[in-house]
Each structure stands twice: as C-alpha cells, then as structure tokens.
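Chain and residue survey
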Amino acid sequence: MFIRTEKLSYTYMPGTPFAVKALREVDLSVARGSFTVLLGASGSGKSTLLQHFNGLLRPREGSIHIDGAPLTYRRGELRELRRRVGLVFQEPETQFFSETLFDEIAFAPRNFGLSPLQVEERVEQALHQVGLTDPALKQRSPFHLSAGQQRLAAIAAVLAMQPRALILDEPGAGLDQAGQQRLLSLLQQLNRVAGMTVVVVTHRLEQIVPLADHFLVLHRGRLVLEGSAGEIFSQQKVLQRCGLSLPPVMRLMQVLADAGLPFSPAIHSLEEARREINRWQKKVTSP
Ligand SMILES: Nc1ncnc2c1ncn2[C@@H]1O[C@H](COP(=O)(O)OP(=O)(O)O)[C@@H](O)[C@H]1O
Ligand SMILES: [Mg+2]
C-alpha cells in the first residue's frame, strides 16, 4: 500500500472556541499506481485530507503510513515526502511567483541542487508532459498564459520534481470544457503510461469514472464509503445523504435497477447506457 491512514483526525484551531473538527478517525488506503477519486460535499474535509498526504498538515490523532512506514515528520523525511508526493493545490496559479514560465517550473529542480543542464532537462520534460511545447511560452510571464495553460503550468511545476504520486485538489475548477478534457487525458496518461499514483478531488463524475479504479467519499470529516465504481455508485442513497449529486445517467440507471432491471448504477455515460439498454433489449425480444 502506498498511502495508508489510521484513525486520522484533524482539528483546526484546537482548544479554542473556533475549533473545527475537519477529519474524524479516517482509515483509508491508496494503492501504488491506482487512480483514486476523493468525493464529498463542500466542507467535508477533502482539502484537509489531501494536505496530510504530503505532510503539509500533521494529524492531531492517528497516523499516516507511506510505503508501510509511519511518518515521523522529521525535516529530511518531509523534504523527501514532498518530492515523492506532488500536491497541486486548488487554483494553483494563484501561487505563481516567477517572472517566466521557465523559472516557475525550474524552481523545485533548482532547489534540489541539480545542475543548470539537469534543471533545463527537467523543465523541458515537464512542459512536454503537459503539452506546453511551444518554445515561446517559456520566456512568457506565467501570469499571462490562458487559464487552461496556467493550470497545466502549475501541474508541470509539480511534475518537474518527478514525483511518484500526484495529488490534485479540484484541478478542473474554472476551466472550460476543452481545458477539462485536456486535463483528464493528462491525468489518464500519467497514471496509465507513467504509472503514477493519482489522487484527485473532482465533481466531474461522468468524465472521471472511466479513469478511476478507487473512490473515497467523505462526509463531515468521516470516510463513509471506499471502493470501486460499482461499490460506490450502488449506494446512491448514502451519496445523496452526503450531499453529492450524481450525473442523470447514473440516477436513471439506479431507477431502472430499483425496478428490477439488470442495470448497474455505475453506468456513467450515455454511450454505455445505450449499449447496455440495446443488449438488454435484444435479450428480452429474442425468442
Ligand atoms: N484554515 C482553516 N482554518 C479553520 N477551519 C478550516 C480551515 N480550512 C478548512 N477549515 C474547515 O474545515 C472543514 C473542512 O474543510 P476542507 O478540508 O477545506 O473541506 P473541502 O475541501 O471538502 O471543502 C470545513 O468546516 C472548513 O470550514
Ligand atoms: Mg477543498
């Protein structure tokens, strides 16, 4: 198991009248090479949980294990952890600080003490991975890129560390349809081709379900569901109680399943639904 939490609890501003219990005894695991989607209504603790995965937050109670060893939060260990587990914040472009795109991507590799040539290689590779291949872009201000390019640049800045896992907090938020699509195919490629472990918070279920093999659902700081698409989306009542709205196709499949027809609520796309309905129709109309 790559990441495992054990009774992880976290409270903001503990011991004050403003204390907020954001995570409550969360037990979960993320396998190496898996593609995990973290779901939950706003305020359910998703961002708080992600920040534990690369050591930005430290559990108040419970523990996190990476590669089987519990985190001890020593400085050297944290530095290594942040290199291995790259975290892309929500609206990451708000944290740009360099004058050029090149410098923005080069920041982490330079910090590792790589030679200028190695730094350049890392930058080239990261920009290539996210598809920002126009050489003119490198000397542009990262602030002057389009919204979609900025998001890709922020991901490239994390990829330049060559992490083994990529954790993304609502990476598609605010992007148009084309930007969303680009982003999803990038994540799919990083997971399937580069073998990277991906954990992502997103509300775009219809698009993400075919990519993901593992789902986690948080509700008010508790982990209420964990499993495959089939296991999660057959629990639509629970999901609704958690404040999650499901794509209409999934809801329709649930209605049909409730009526006793052989459809799985994990059918997430119109094309798949059409195929399944055709198959069923052939079966019931064949003599
Ligand atoms: N820096 C903070 N200080 C105090 N409370 C916070 C802070 N960040 C988040 N919270 C609270 O913790 C809970 C979980 O927040 P968060 O992890 O951001 O949820 P999500 O990402 O699912 O929307 C919410 O009640 C939120 O108001
Ligand atoms: Mg959040």
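As shown above, the structure is provided for reference.
Note that the structure is predicted; figures quoted are calculated from it, not measured.

Moving on: the site of ligand 1. The local shell around ligand 1 consists of Y12, M13, V20, A22, A41, S42, G43, S44, G45, K46, S47 and T48. Within the backbone of G43, a nitrogen or oxygen atom sits 2.7 Å from an oxygen atom of ligand 1. In the complex, the protein chains occlude 61% of the 560 Å² of accessible area that ligand 1 would expose alone. Counting residues per element, the ones that place at least two in the shell around ligand 1 are β2 (20-30) and α1 (46-53). Examining the composition of the shell around ligand 1, we find that three residues originate from one element, α1, more than from any other. Taken together, the residues that form the shell around ligand 1 break down as five nonpolar, six polar and one charged.

A word on the nonpolar core. With 56 residues, the main nonpolar core has F35, I105, I155, L166, F215 and F233 as its most contacted residues. Of the residues forming this core, the biggest block, eight residues, is contributed by helix α5 (residues 147-159). Among residues more than four places away in sequence, those in contact with I155 are V88, V130, L166, L168, L183 and L186. In terms of nonpolar packing, the next biggest core, distinct from the first, is built from 27 residues, L49, I64, I66 and L87 among them.

The full count for this structure, using the stated rule, is 10 salt bridges. Across the pair R83 and E80 runs a salt bridge, and its minimum N-O distance is 3.3 Å. Of this pair, R83 and E80 both sit in helix α2 (residues 75-84), three residues apart, which is roughly one turn of that helix. For E80, a relative accessible area of 34% corresponds to the partly exposed category. Via salt bridges that share partners, R32, D67, R84 and R164 belong to a single interconnected network.

This paragraph deals with the sheet that holds strand β4 (residues 61-66). Judged by pairing direction, the sheet is antiparallel, and its four strands sit side by side in the order β2-β1-β4-β5 without closing on themselves. In the strand order of this sheet, the two ends are held by β2 and β5 (69-70), each with one partner. Alignment of β4 against β5, held across two bridges, turns out to be antiparallel. Paired with I66 across the two strands is A69, which belongs to β5.

Take the layout of surface pockets next. A volume near 680 Å³ is recorded for the largest pocket. Residues that form the lining of the largest pocket fall into these classes: 16 nonpolar, four polar and four charged. By volume, the second largest pocket amounts to about 160 Å³. Contributing to the lining of the second largest pocket are G131, L132, A147, G148, Q149, L152, G174, L175, D176, G179, R182 and L183. If you list the elements that add at least two residues to the lining of the second largest pocket, you get α5 and α6 (177-192). Sorting elements by how many residues they give to the lining of the second largest pocket places α5 first, with four residues. Of the residues belonging to the lining of the second largest pocket, the class tally is five nonpolar, five polar and two charged.

Taken in spatial order, the six strands make up an open sheet running β6-β7-β8-β3-β9-β10, and their pairing is mixed. In this open sheet, the two edge strands, each paired with only one partner strand, are β6 (85-88) and β10 (222-227). Sheet twist, expressed as the mean angle between neighbouring strand axes with direction ignored, is 15 degrees. In the sheet, strand β3 (residues 35-40) pairs with strand β8 (residues 197-201) via four bridges, with the strands oriented parallel. In the strand pairing of β8, T36 is matched with V199.

The subject of this paragraph is helix α3 (residues 101-111). Taken together, the buried positions of α3 are L101, F102, E104, I105, A106, A108 and P109. After α3 finishes, the residue G113 shows a positive phi value of roughly 80 degrees.

Orientation of α5 relative to α6, taken along the N-to-C sense of each, is 20 degrees, at an axis distance of 11 Å. Between α5 and α6, the angle falls in the class roughly parallel. As α5 packs across α6, the resulting crossing turns out to be right-handed. Where α5 abuts α6, its residues L152, I155 and L159 lie against R182, L183, L186 and L190. A breakdown of the residues in the contact of α5 with α6 according to their chemical character gives six nonpolar, no polar and one charged.

Cut-offs and rules
Residues numbered from 1 in each chain as written. Chains lettered and ligands numbered in written order. Predicted model: local features only at pLDDT ≥ 70, side-chain atom pairs only at ≥ 80, totals over all residues. Heavy atoms only, no water. Near = heavy atom within 4 Å. Polar contact = N/O pair within 3.5 Å; in protein donor to acceptor, adjacent residues only side chain to side chain. Areas by Shrake-Rupley, 256 points an atom, 1.4 Å probe, with all protein chains shown as cover. Helix = DSSP H or I, 4+ residues; strand = E, 2+ residues; numbered from the N terminus. Nonpolar A, V, L, I, M, F, W, Y, C, P; charged D, E, K, R; others polar. Core = buried A, V, L, I, M, F, W, Y, C linked by side-chain atoms within 4.5 Å. Buried < 20%, exposed > 50% of the residue type's maximum accessible area, 1.4 Å probe, protein only. Contact = heavy atoms within 4.5 Å. Salt bridge = Lys/Arg side-chain N within 4 Å of Asp/Glu carboxyl O. Pairing = 2+ DSSP bridges. 1 Å grid on protein atoms, 1.4 Å probe; cavity = no way out; pocket = protein on both sides within 12 Å on 5 of 7 lines; lining within 4 Å. Points joined across faces, edges and corners; volume = space filled by probe spheres on them. Axes fitted to C-alpha atoms, helices over the stretch in contact; angles between N-to-C directions. Parallel < 35°, antiparallel > 145°, perpendicular 65-115°, else oblique. Left-handed = near helix turned anticlockwise from the far one by under 90°.

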